[in-house]
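Chain residues, written in single-letter form:
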Amino acid sequence: MEPIKGEQRDGQSEIRKLAILTGGGDCPGLNAVIRAAVKTACHRGIAVVGIQDGFRGAVEGDFRPLELKDVSGILPRGGTILGTTNRDNPFAYPTQVGEERQVQDRSAEVLDRFKAEGIDALIAIGGDGSLSIAWEFAKQGLKVVGVPKTIDNDLMCTDLTFGFQTAVATAQDALDRLHTTAESHHRIMILEVMGRYAGWIALYAGVAGGADVILIPEIPYQLESIAEAVQRRARLGKHFSIIVVAEGAKPLGGDMVVERTMSGRTDPIKLGGIGAKLAADLETVTDMETRVTVLGHLQRGGSPIAVDRVLSTRYGVAAVEAALAGDFGMMVALQGQDIVRVPMAEAVHKLKQVEPDDPVLNAARSMGIEFGD
């Protein structure tokens, strides 16, 4: 589908008021995007409103003005000053009707609220779930620009999503710390990291943190291959091993480990527990003491590192510039060293996973890192 063009005058779209929302899981760099977008818009004389708690605020009309004073000092802060949620899809919105809880399509209310508030365009900052919702609104005529956000780095059409590099740095720091205790106690240390159905965090953190085994969803593992790698190290006098496992990793012919399902979420499946399963299996076949660390939401929290602050800032500026150019239905993306605009329809509904010929994966294999296949 072609991008949606806004009315323009002298090459500029007629934008007087922009709205910004952050949806899905929080990640480092959200506030940096908000700050850059607000400062860019204010510099152009455009008013900005923030929508609280993602698309919930869009349905409920929970808006707040965003001025320069509101974004002062937020560059290094983790999380999002606007709040976020991975629930509350306006096209299937939980609504209390009498004594009954129903799911209703309330997207028309969102469009009416935007019109009543004089909002000309929306900057939606999110991952696949949030940007899929934004794209549905774009198809209804809402002027939307997307910004790719997820620590999982699994969005199509962009080389990097902001938040990813900070999550990798957090995991790498954990691996550095696990190395010393693993070597001291002659143990297998397993670090379970996030990533959903993609192995980017595990791959990059494993390489950066010197892991001996990296297990990712894209490569189903065989326990025997992992055990042999651990025992081979022991025969060489290295009586410890470091394993990084992505939460979506699974054995060959087996399934992912699901912690629980949560209704109302964009993705109802909450993964977790593969580290504990792998530890129990490895202790059985190797007779080596094994310990598990689940990094969890530490990967989402805290201050963004420099590379994510810069990328987030570039994205925020580029999103406002796309709106001013009338390039709606588009997502700003990093391709090479350039920030470009890509059709939102091409970026959603399909996850970017680690390919067999990925250069980082190939470098890891060349060094003898085991992937369990």
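Residues numbered from 1 in each chain as written. Predicted model: local features only at pLDDT ≥ 70, side-chain atom pairs only at ≥ 80, totals over all residues. Heavy atoms only, no water.

Going by the annotation in an unreviewed UniProt entry, the name recorded for the protein chain is ATP-dependent 6-phosphofructokinase, with Desulfitobacterium hafniense given as the source organism. The UniProt entry for the protein chain carries the following text under Subcellular location (unreviewed entry): "Cytoplasm". As stated in UniProt under Subunit (unreviewed entry), the record for the protein chain gives "Homodimer or homotetramer." (UniProt positions renumbered as here; feature names shortened; annotations may be inferred.)

In terms of domains, the protein chain is made up of domain 1 (17-162 + 304-347) and domain 2 (165-300). On a C-alpha basis, the centroid separation for the pair domain 1 and domain 2 is 33 Å. Each partner contributes residues to the interface: domain 1 has 18 residues there, and domain 2 has 17 residues. Its largest share of buried area at the contact with domain 2, domain 1 owes to Arg87, Ile151 and Asp152, together 37% of the area lost on that side. In this assembly, domain 1 and domain 2 are joined by two salt bridges. (Domains from an automatic or database assignment. Contact = heavy atoms within 4.5 Å. Buried area = accessible area lost by both parts, 1.4 Å probe. Salt bridge = Lys/Arg side-chain N within 4 Å of Asp/Glu carboxyl O.)

Another aspect to go through is the packing of helix α7 (residues 223-235) against helix α8 (residues 274-286). Contact geometry for α7 and α8: axes closest at 10 Å, N-to-C directions at 60°. In terms of orientation, α7 lies oblique with respect to α8. In the crossing of α7 with α8, the sense of the turn from one axis to the other is right-handed. Two secondary-structure elements touch here, α7 through Leu223, Ile226, Ala227 and Gln231 and α8 through Leu278, Asp281, Leu282, Val285 and Thr286. Considering only residue class, the contact of α7 with α8 consists of six nonpolar, two polar and one charged. (Axes fitted to C-alpha atoms, helices over the stretch in contact; angles between N-to-C directions. Helix = DSSP H or I, 4+ residues; strand = E, 2+ residues; numbered from the N terminus. Parallel < 35°, antiparallel > 145°, perpendicular 65-115°, else oblique. Left-handed = near helix turned anticlockwise from the far one by under 90°. Nonpolar A, V, L, I, M, F, W, Y, C, P; charged D, E, K, R; others polar.)

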